[in-house]
Each structure stands twice: as structure tokens, then as C-alpha cells.
Amino acid sequence: MKAEDKTPGKVCLVGAGPGDPGLMTLRGKELVERADCLVYDALVPASVLAWASPDCEKIYVGKRSGVHAMPQSQINELLVTCASRHACTVRLKGGDPYVFGRGGEEAAALYAAGVPFEVVPGISSAIAGPALAGIPVTHRAHCTQFTVFTGHEDAAKTESTLDIQGIAAAKGTKVMLMGMSRLRRTLDALLEAGQDADTPAAAVQWAATGRQRSVSATVATLADAVEEAGIGSPAVVVIGEVVSEMP
Ligand code: SAH
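What you see is a predicted model; the values in this text were computed from it and never measured.

How each quantity is defined
- Residues numbered from 1 in each chain as written.
- Predicted model: local features only at pLDDT ≥ 70, side-chain atom pairs only at ≥ 80, totals over all residues.
- Heavy atoms only, no water.
- Pairing = 2+ DSSP bridges.
- Helix = DSSP H or I, 4+ residues; strand = E, 2+ residues; numbered from the N terminus.
- Axes fitted to C-alpha atoms, helices over the stretch in contact; angles between N-to-C directions.
- Contact = heavy atoms within 4.5 Å.
- Near = heavy atom within 4 Å.
- Polar contact = N/O pair within 3.5 Å; in protein donor to acceptor, adjacent residues only side chain to side chain.
- Areas by Shrake-Rupley, 256 points an atom, 1.4 Å probe, with all protein chains shown as cover.
- Buried < 20%, exposed > 50% of the residue type's maximum accessible area, 1.4 Å probe, protein only.
- Core = buried A, V, L, I, M, F, W, Y, C linked by side-chain atoms within 4.5 Å.
- Parallel < 35°, antiparallel > 145°, perpendicular 65-115°, else oblique.
- Left-handed = near helix turned anticlockwise from the far one by under 90°.
- Nonpolar A, V, L, I, M, F, W, Y, C, P; charged D, E, K, R; others polar.
- Arc of directions from axis to C-beta.
- Phe/Tyr/Trp six-rings, centres within 6.5 Å; stacked < 30°, edge-to-face > 60°.
- Lys NZ or Arg CZ within 6 Å of the ring centre and 35° of its normal.

Considerations on the sheet that holds strand 10 (residues 200-205)
Then step 1. In spatial order, the strands read 8-9-12-10-11; together these five strands make up an open sheet with mixed pairing. Edge positions in the sheet fall to strand 8 (146-150) and strand 11 (213-218), since each has one partner strand and no second. Shown here is a sheet whose adjacent strand axes are inclined to one another by a mean of 15°, direction ignored.
Then step 2. Pairing geometry for strand 10 and strand 12 (residues 235-239), over five bridges, is antiparallel. Opposite A201, over in strand 12, you have I239 as the bridge partner.
Then step 3. The sheet strands contacting helix 5 (residues 125-132) are strand 8, strand 9 (173-177), strand 10 and strand 12, and the helix crosses strand 12 at an angle near 75°.
Then step 4. Strand contacts of helix 8 (residues 222-229): strand 10, strand 11 and strand 12, with the helix running at about 150° to strand 11, the strand carrying the most contacts.

So, the site of the ligand
Then step 1. Lining the immediate environment of the ligand, one finds 17 residues, of which P18, V99, S125, A207 and A235 sit closest.
Then step 2. Between a nitrogen atom of the ligand and a main-chain N or O atom of V99, the distance comes to 2.7 Å.
Then step 3. W206 places a polar main-chain atom, nitrogen or oxygen, 3.5 Å from a nitrogen atom of the ligand.
Then step 4. Against a free-state accessible area of 540 Å², the protein chains account for coverage of 90% of the ligand.

Section: the side chain of Q205
Then step 1. Here Q205 lies in strand 10.
Then step 2. By relative accessible area, which is 7% here, Q205 ends up buried.
Then step 3. At a separation of 3.4 Å, a polar atom in the side chain of Q205 contacts the main-chain carbonyl oxygen of S233.
Then step 4. Beyond its immediate sequence surroundings of up to four residues, Q205 is in contact with R211, Q212, R213, I231, G232, S233, P234 and A235.

Quick notes on the nonpolar core
Then step 1. The biggest cluster of nonpolar side chains holds 22 residues, and the ones touching the most others in it are M180, L187, L190, L222, V226 and V237.
Then step 2. Secondary structure elements with two or more residues in this core: helix 6 (164-169), helix 7 (183-192), strand 10, strand 11, helix 8 and strand 12.
Then step 3. Sequence-distant contacts of V237, defined by excluding residues within four places in its chain, comprise K174, V175, M176, M180, L183, A202, A203 and L222.
Then step 4. Counting 18 residues, the second largest nonpolar core, distinct from the first, contains C12, M24, C56 and C88.

Regarding the packing of helix 7 against helix 8
Then step 1. Orientation of helix 7 relative to helix 8, taken along the N-to-C sense of each, is 165°, at an axis distance of 9 Å. One way to sum up the angle between helix 7 and helix 8 is to call them roughly antiparallel. The element helix 7 and its partner helix 8 pack so that their crossing is right-handed. Every residue of helix 8 that contacts helix 7 at L183, R184 and L187 is listed here: L222, A223, D224, V226 and E227.
Then step 2. By residue class, the composition of the contact of helix 7 with helix 8 is five nonpolar, no polar and three charged.

Notes on the pairing of strand 9
Then step 1. Within strand 9, five of the five residues are buried, leaving the element largely enclosed by the surrounding structure.
Then step 2. Side chains T173, V175 and L177 of strand 9 all project onto a buried face; the interleaved residues K174 and M176 project onto the opposite face, where all are buried too.
Then step 3. Direction of pairing for strand 8 relative to strand 9: parallel, over a ladder of five bridges. Bridge pairing in strand 9 places T150 opposite L177.
Then step 4. Bridge count between strand 9 and strand 12: three bridges; the pairing is antiparallel. Along strand 12, the bridge assignment pairs K174 with I239.

Here's the deal with helix 7
Then step 1. Every buried residue of helix 7 is listed here: L183, T186, L187 and L190. Taken around the axis of helix 7, the buried residues stretch over an arc of 95°, which confines them to a single face. Summarising the geometry of helix 7, the exposed residues directed more than 90 degrees from the buried face are R185 and E192.
Then step 2. Buried positions along helix 7 lie against strand 8, helix 6, strand 9, helix 8 and strand 12.
Then step 3. Downstream of helix 7 by a residue or two, G194 has a phi angle that is positive, lying close to 105°.

Comments concerning the packing of aromatic side chains
Then step 1. For the structure on display, the rule yields one aromatic pair.
Then step 2. Over the ring of W51 we find K29; its NZ or CZ atom is 5.1 Å from the centre of that ring.
Then step 3. One residue, R211, lies across the ring of W206, its end atom 3.9 Å from the ring centre.

Spatial relationships are all this shows, so hold off on functional conclusions.
Written out as C-alpha cells, the structure reads:
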């Protein structure tokens, strides 16, 4: 598309899946191959980026040594600008774009700017992480519900909106994303809020990649087990009887 053309191009918010390119959707792959511009995050596999055409513009907006390369408001603006310059911009995000990926904010910004967009869901690490470590997130013998929560809220929030009491009281499986840097504190808070200390718990790092590792313990002992095994981010933490199904 020419810059002087006033019709904005389309932006596709695409889930790249948990890490293995084979776990991305066919629609997602088709869009990456067709993209004029790729805007991508840290957890997007390099092999997925390689599907793009050689003249596709690639813009990295993920973290650099723990710090966001670009604040969210700027990413939102960038997507609108890309749409004015390119017919097809693909915004690639790890897992699913709307599961703790701030994809909802990007969609809202595009909508407000009148930019047509499409969302292509991806397999979230919240499901794939446990599955690939041998943990079914639900199992008839163990639970009838599961809860997914973040262990690391927006640093700009002054007060935590995390419902620790509610999570501790919830039945069934609990899956925590972005929880490694505060793991011990979060598990202690859950125990204090009444979470059964003996509930099986596991952490799965780098799921769906050649670096996948996992440890299992209990809610009371997981922080030590993780420390001993040297497991850090990115990892999903699973709490619940389903962890006992792990081989
Ligand atoms: N939208 C993503 C989540 C983004 S938040 C999704 O749906 O998966 C980033 C967090 O996701 C990480 O801190 C970690 O908890 C989890 N995560 C992403 N990829 C992972 C992987 N390959 N293995 C384990 N955890 C992963």
C-alpha cells in the first residue's frame, strides 16, 4: 500500500502459541507469510519469524533485560502507524493474544483509530504448559473447574487487584502465569489465605521448546523445589490434584 493511500491497512493480532512453531494455527502461519510488517514480542519463536517474506519489516517491541523495549501506549500508536503504511501488519504475541498479552488494549486502540483488525487465537501456555508436562488441566477424577491468574500485575497499579482469598478458596486447578519472580511470596499469601499446603503443585519452564523443564512438589514446598532446580521465567505454575497425574 502506498503511504498516500488514506485507507488504513489491516492489523492482525496473532497468537504464536507456546513456543513450538508446530503449535501455531494455520491461519496464523498464512498471515505471517503474507505480512508486510511484523510487530513481535520476546516469547515469539525465531522459526515463526523466519516464515515472513525477506522484505517484511520486522519490529521488536518485547522486553530487553527485563525492561519493556517500548511502553504499551507507544505499541498501540505504532500499530496504528503501521496500518497507515502497510496493507497487512501482523502483531505476533506468545500464546494467545488475549491471555495476559495486552492484546485487548491493542484491539481497543485499533478500533478507536478506525483500523480494521482480525484476531487469531493461539494456544495459551496456560493450557499447553501443563499439558506438555503431562498435567491435564481438568480431569474428571480431580476437578470440575480451573482458574488462570497472573502472579505479576502491572507495576503502575498502586494496589493489587489480585484476589488471593478468592484464588485460595477456589476449587479445582489453578494456573499462574508470570509468577516466578514473586513465587514464594504468592504461595505464602495463598497458604495464609487458607490454601491447603499439601496440594500438589508444579512449575513448567520453557514449555513447548527444547529447553522445557519441570518440577513438582506441593504448595508448601514448590518455592524450594524451584530454587533448587534453578527454574525461572518463563514458567507456568500449576496447583491442584491434577498435578498428581504427572508421570
Ligand atoms: N499470552 C501468553 C501469556 C503472556 S504472559 C499466553 O497465552 O501464553 C507471559 C507468561 O506466559 C510467562 O511469564 C509465563 O508464565 C507464560 N509462558 C509463556 N510462554 C511460556 C512457555 N513456553 N513455557 C512456560 N510458560 C510460558
